[in-house]
Amino acid sequence: MTSENMTTTIRRKIMKDFLRTLVWIDDEIRPDKVDSLGQPFRAFFYPTAQKFQKEGLLVHLHPYDAGNSGEEGDTFATDSSASFDSAALLANKADIIILDWHLGLNNPKNSIRLLQKLKEEPAVRCIVVLSKFASKFEEEMREGKMIEGRSDASGESHLFRSVGDAWVNDNGTHIIVMEKHRLDEDTDKFGDSVLDNIYKLMAQAHPDYLHWAAVEIAAKLRHFIPEWIQTIPSGADAAVLSELISPETEARTFIPEHLLEDLSHIAKLHMLDSLAKENCQPKDWQNRPNLLADIEATNELESNAHKRFVQLHSDILKISEEDIRKIRESTNCKNCSEFIQSQMQFAQFCETMAKNVKIEPTFGSVYEKLEQQSQETCLRIYVCVSQECDCVRANKLMFLEGKESSPGAAGFGITKLFFQGKEYRFAARAESLMTFKIKRNRSIAELKKVGQLRHATARRILSRFWNHMSRSAVNLPTFARLERDEK
């Protein structure tokens with residue numbers, strides 16, 4: 001008997017908490033028919049829906065009326081019907097969609113139109129396509145202009161691309177194709193296979209811990225919301241409206257910022273199962289890095305300092321600066337480079353916002369020169385360190401220059417940062433601080449915005465810069481100075 005894989009168990013639970021609603025769209029769903037036309041509903045669809053309900057899903061079986069639209073002229077026409085409109089409305093609200101691919105026709109016209117409709121409400125949703133001709137799915141999607149072309153530069157987020165045996169787009173929709181069920185098929189087995197495929201789809205799209213932590217937060221937000229809303233003070237309308245009457249005030253920006261900060265504070269009070277210790281055992285990892293394989297400590301291992309990192313799955317706190325130096329210096333160790341790359345990715349996650357949404361400057365905005373000089377020996381970035389009120393109104397803003405750096409100790413008066421796969425150093429020198437003029441549209445003539453640091457990261461860089469620049473020097477006897485070692 002094999003032991004239970006805790007990672008899989010916890011992640012399947014998170015999936016069930018996150019995906020709560022299911023709509024099944026099929027022209028064979030006929031609950032209104034008491035003759036043979038209603039037999040598929042009674043014998044298959046309804047029992048399978050009960051299986052899903054026992055798993056905690058809110059299920060709707062949607063009868064699709066293909067009507068008499070048997071025309072074959074324009075296969076992907078955009079005509080509409082009440083049946084299609086109601087199916088599209090429900091599909092946009094559902095977390096899981098089970099979709100009969102041909103929907104009573106001999107082509108996927110209606111299903112293609114439904115997929116196109118989903119772009120109106122981007123969301124993380126899983127679609128299980130059921131088709132008697134599963135092998136033709138890609139061909140039919142391509143004919144319906146639903147697959148990204150190799151040279152496609154339009155950036156249409158609703159178009160799909162192949163990832164393993166699934167299809168995904170940038171709107172959060174994930175598709176997996178299954179052979180269409182038989183009406184005499186065991187409904188419990190079919191329901192389990194659908195849920196297994198949905199988990200496989202989620203695990204394939206989000207293979208690592210940070211993604212599953214995000215999915216769990218999204219699933220738990222509904223539990224935090226009552227407490228969050230109750231903490232908001234009442235009776236503030238007069239003040240709020242007095243701000244909102246004027247289009248020039250900043251209330252429209254800081255009100256959602258404060259509300260989201262409150263929600264974040266409440267969410268932090270709840271431990272995430274995806275990050276719990278029992279979900280972090282290497283033996284259970286689904287996306288297990290090769291570099292953290294269980295390796296017995298041997299004399300050879302102890303003598304090869306650059307390999308000692310393989311023991312870090314037991315306690316990262318035991319690593320030393322010497323260990324890190326040896327790992328970085330290893331030139332014939334593939335796992336060493338993978339380990340370093342992983343650490344850089346994690347550090348970058350901790351220091352940098354995932355997405356730069358504002359085009360105007362804000363505290364911690366990162367810029368590059370419009371044209372990096374080819375003769376420069378290292379790349380440079382410029383971090384805005386002016387406060388938010390100046391970023392909104394001032395004609396000139398202050399920036400700290402960061403230069404591309406090689407890994408290693410920071411050095412005296414140096415602060416380091418990981419940004420877009422590179423390491424940069426900020427030196428506490430007068431020439432590192434510079435100003436740029438802001439144009440009326442809040443852009444900068446010489447620079448382009450390329451990212452956004454987390455506020456805590458930007459504050460750390462600025463604080464260390466000013467603290468070093470304003471440091472006090474006191475003349476002391478050599479003995480006292482050496483004994484204190486106050487660097």
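Nothing here was measured: the structure is a model prediction, and the numbers come from that model.

## Let's talk about unusual backbone geometry
Located in the positive-phi region is Lys145, a residue other than glycine, with phi close to 60°. Structurally, Lys145 can be placed in the loop between α5 (137-143) and β5 (161-163).

## Details of helix α6 (residues 187-205)
Counted at 1.5 Å a residue, the expected span for α6 with its 19 residues is 27 Å, and the 27 Å between its end C-alpha atoms agrees. Among all positions of α6, only Thr187, Phe190, Gly191, Val194, Leu195, Asn197, Ile198, Tyr199, Leu201 and Met202 are buried. One side-chain oxygen of the residue at the start of α6 lies 3.0 Å from the amide nitrogen of Asp188, identifying that residue as Asp186.

## Considering the confidence of the model for the protein chain
Chain-level pLDDT for the protein chain is 83 on average; 86% of the residues reach the 70-or-more range. Across residues 68-78, confidence stays below pLDDT 50; counting only partners more than four residues off in sequence or on other chains, it has 17 contacts. This stretch, residues 294-303, has a pLDDT under 50; its non-local contacts, to residues over four places away or in other chains, come to 11 contacts.

## Some details on the pairing of strand β4 (residues 125-131)
Consecutive residues of a regular strand have side chains that alternate between opposite faces of the sheet. The buried fraction of β4 amounts to seven of the seven residues, a majority that puts the element mostly inside the structure. By the alternation rule, side chains of β4 split into Arg125, Ile127, Val129 and Ser131 and Cys126, Val128 and Leu130, which are all buried. For the segment spanning strand β3 (residues 96-100), helix α4 (residues 109-117) and β4, crossover handedness is right-handed. Pairing analysis gives seven bridges linking β4 to strand β7 (residues 173-179), with the strands arranged parallel. Note that in β7 the partner of Ile127 across the bridge is Ile175.

## Comments concerning the nonpolar core
Trp24 and Phe52 are the most contacted members of the largest nonpolar core, which has 34 residues in total. Ranked by residue count, the leading element in this core is α6, at seven residues. For Phe52, the contacting residues outside a window of four places in its chain are Leu22, Trp24, Leu57, Val59, Ile98, Gly191, Val194 and Leu195.

## Regarding the packing of helix α1 (residues 6-18) against helix α7 (residues 209-230)
With their axes 9 Å apart at the nearest point, α1 and α7 run at an angle of 40° to one another. Of the possible angle classes, the one that applies to α1 and α7 is oblique. In the packing of α1 onto α7, the handedness of the crossing is left-handed. Side by side, α1 and α7 meet where Thr7, Arg11, Ile14, Met15, Asp17 and Phe18 of the first sit next to Tyr209, Trp212, Val215, Glu216, Ala218, Ala219 and Arg222 of the second. Taken together, the residues of the contact of α1 with α7 break down into eight nonpolar, one polar and four charged.

## So, the sheet that holds β3
Taken in spatial order, the seven strands make up an open sheet running β2-β1-β3-β4-β7-β6-β5, and their pairing is mixed. Single-partner strands in this sheet number two, and they are β2 (58-63) and β5. Between one strand and the next, the sheet's axes are offset by a mean angle of 25°, whatever the strand orientation. In the packing of helix α2 (residues 39-54) onto the sheet, the strands contacted are β1 (21-26), β2 and β3, and the crossing angle to β2 comes to about 155°. Packing against the sheet, α4 makes contact with β1, β3, β4 and β7, and its axis sits at approximately 160° to β3.

## Here we look at α4
Across the nine residues that make up α4, a large majority, seven, are buried. Listed as buried for α4 are Lys109, Asn110, Ser111, Ile112, Arg113, Leu114 and Leu115. Contacts made by the buried residues of α4 are with β1, α3 (82-93), β3, β4, α5 and β7.

## Some words on the packing of α3 against α4
Packing of α3 against α4 brings their axes to within 10 Å, and their N-to-C directions diverge by 45°. Taken together, the axes of α3 and α4 are oblique relative to one another. Crossing of α3 over α4 shows right-handed handedness. Here Phe84, Ala87, Ala88, Ala91 and Asn92 of α3 come into contact with α4, specifically with Asn110, Arg113, Leu114 and Lys117. Grouping the constituent residues of the contact of α3 with α4 by class yields five nonpolar, two polar and two charged.

Reading the values: the criteria
- Residues numbered from 1 in each chain as written.
- Predicted model: local features only at pLDDT ≥ 70, side-chain atom pairs only at ≥ 80, totals over all residues.
- Heavy atoms only, no water.
- Helix = DSSP H or I, 4+ residues; strand = E, 2+ residues; numbered from the N terminus.
- Expected span 1.5 Å × (residues − 1).
- Buried < 20%, exposed > 50% of the residue type's maximum accessible area, 1.4 Å probe, protein only.
- Polar contact = N/O pair within 3.5 Å; in protein donor to acceptor, adjacent residues only side chain to side chain.
- pLDDT = per-residue confidence, 0-100.
- Contact = heavy atoms within 4.5 Å.
- Right-handed = clockwise from strand over helix to strand, strands pointing away.
- Pairing = 2+ DSSP bridges.
- Core = buried A, V, L, I, M, F, W, Y, C linked by side-chain atoms within 4.5 Å.
- Axes fitted to C-alpha atoms, helices over the stretch in contact; angles between N-to-C directions.
- Parallel < 35°, antiparallel > 145°, perpendicular 65-115°, else oblique.
- Left-handed = near helix turned anticlockwise from the far one by under 90°.
- Nonpolar A, V, L, I, M, F, W, Y, C, P; charged D, E, K, R; others polar.

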